[in-house]
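Structural description and commentary
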Amino acid sequence: MAETEGKKTMEKTGKEEAQTLAEKEWEKLGIENDFMFGKIMRKPELCQELLEAIFPEMEIGRIEYPEVQKSIAEDRDARAIRLDVYVRSSNKTVFSIEMQVLNRGNLEKRSRYYQSLIDLQLLDKSVDYKKLNDCYVIFICPFDLFGTERHKYTFKNFCIEEPKLELGDGTGKIFLNAKGTQEDVGENLKAFLDYVAGKKSDNDFVKRLDEEVRQARKNREWRHEYMTLRIRDLENLEEGRAEGRAEGRVEGRAEGKYESLDSLLKNNPLIGVEKGAALLDFGATELIEYKKTRGLEPVGV
């Protein structure tokens, strides 16, 4: 009886701690969080302006039917995806825009998978392939995936033997880097990426985004939605760690700790890996192993 009561007390304490952490996160939640980004991009004019900054050479026109947090699951046994922002321009080009906080070392292959599932959504049975919409998969990252300090990396399909020959399949993958230093993008996109990285700006577009973020934090419905999802995530993480401890699995305990840091960084991306690890009492060896498993350091380090 005493053991049962003790367990209930611990569960209640854990839930209260999770709620307190989620509340603190919500008060500081910024555009770099995927939940907040998805909500802000519900405003077609802001989504359109961001796309125009990313594609200055393209006529975006009016944004049609914005879909936020669109889920795609084509097969029961296949891995489903959830898109932060899924929109279509007036010329029928489709854009998937993702806020990707953590570098798990799989983003290149993930972009391929996203593209394939989106294509399956776009083409109905018996419709000619020519009817496939042009489609761009975009990832916004607070890290430099390719290490050349560019703000923007654009990939399309070209012929290896004839580099000037483009396949013309209407697809593209773009990786935006908030840590870029080169003068390779326009004013609005650079200011936006600086904003994602936590820098202040006098840019008009960023000011309007920042005001929307402040207003979003006052939205009770969104706050409740975030709190519900976040508390559930934190409780699941704690449950996993508890199971690992109970079973005495060192590997299970380590992964539980890694997932806790993943979660902390996802919801507080500006905190940095080292500071986040310190808050969770990582040892030096644990931090090195974490970075290796998450693709943040060369395996030989």
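Look a little higher up for the structure.
First things first, this report covers the structure right here in the doc. (Residues numbered from 1 in each chain as written. Predicted model: local features only at pLDDT ≥ 70, side-chain atom pairs only at ≥ 80, totals over all residues. Heavy atoms only, no water.)

Before going further, it helps to examine the overall build of the protein. When you go through the protein residue by residue, the secondary structure sums to 10 helices and six strands. A buried classification covers 41% of the 301 residues belonging to the protein. The contacts in the protein between residues at least 6 apart in sequence include a share of 64% that link residues at least 24 apart. Here the protein has roughly 17,700 Å² of accessible surface; of this, 49% comes from carbon and sulfur atoms. (Helix = DSSP H or I, 4+ residues; strand = E, 2+ residues; numbered from the N terminus. Buried < 20%, exposed > 50% of the residue type's maximum accessible area, 1.4 Å probe, protein only. Contact = heavy atoms within 4.5 Å. Areas by Shrake-Rupley, 256 points an atom, 1.4 Å probe, with all protein chains shown as cover.)

Positive phi outside glycine occurs at Lys92, with the angle close to 75°. Within the element layout of this structure, Lys92 appears in the loop between strand 2 (81-88) and strand 3 (94-99). On the accessibility criterion, Lys92 (42% relative accessible area) is partly exposed. In this structure, Glu149 takes a positive phi of about 70° despite not being glycine. Considering the arrangement of structural elements, one finds Glu149 in the loop between strand 4 (135-141) and strand 5 (152-155). For Glu149, a relative accessible area of 43% puts it in the partly exposed group.

This part covers the packing of helix 3 (residues 44-54) against helix 6 (residues 204-216). For the pair helix 3 and helix 6, the least separation of the axes is 11 Å and the interaxial angle reads 140°. Classified by the angle their axes make, helix 3 and helix 6 are oblique. Classified by chirality, the crossing of helix 6 by helix 3 is left-handed. From helix 3, Leu46, Glu49 and Leu50 reach across to helix 6, where they touch Phe205, Arg208, Leu209 and Glu212. For the contact of helix 3 with helix 6, the residue count by class is four nonpolar, no polar and three charged. (Axes fitted to C-alpha atoms, helices over the stretch in contact; angles between N-to-C directions. Parallel < 35°, antiparallel > 145°, perpendicular 65-115°, else oblique. Left-handed = near helix turned anticlockwise from the far one by under 90°. Nonpolar A, V, L, I, M, F, W, Y, C, P; charged D, E, K, R; others polar.)

The subject of this paragraph is the pattern of salt bridges. Tallied over the full model, the rule gives 16 salt bridges. Measuring nitrogen to oxygen at the nearest pair gives 3.8 Å for the salt bridge that ties Lys156 to Glu166. Taken together, the residues Lys156 in the loop between strand 5 and strand 6 (171-177) and Glu166 in the loop between strand 5 and strand 6 connect sequence positions 10 residues apart. Put simply, Lys199 and Asp194 hold a salt bridge, and the shortest N to O gap is 3.9 Å. Residue Asp194 is classed as buried on the basis of its relative accessible area, which comes to 13%. Bridged by salt links that share partners, the residues Arg62, Glu64, Arg88 and Lys92 form one connected network. (Salt bridge = Lys/Arg side-chain N within 4 Å of Asp/Glu carboxyl O.)

Our next topic: the pairing of strand 6. Most of strand 6 sits out of view: seven of its seven residues are buried. The alternating pattern of strand 6 places Thr171, Lys173, Phe175 and Asn177 and Gly172, Ile174 and Leu176 on opposite faces, both of which are buried. Across four bridges, strand 5 lies against strand 6 in antiparallel orientation. What sits directly across from Lys152, in strand 6, is Leu176. (Pairing = 2+ DSSP bridges.)

The subject of this paragraph is helix 10 (residues 284-293). For the α-helix, the turn length of 3.6 residues means that residues three or four positions removed from each other point alike. Among all positions in helix 10, only Leu287, Tyr290 and Lys291 are buried. Viewed along the axis of helix 10, the buried residues span an arc of 95°, placing them on a single side of the element. Once helix 10 ends, the next one or two residues include Gly295, with phi positive near 70°. (Arc of directions from axis to C-beta.)

Taken by themselves, the reported measurements are silent on function.
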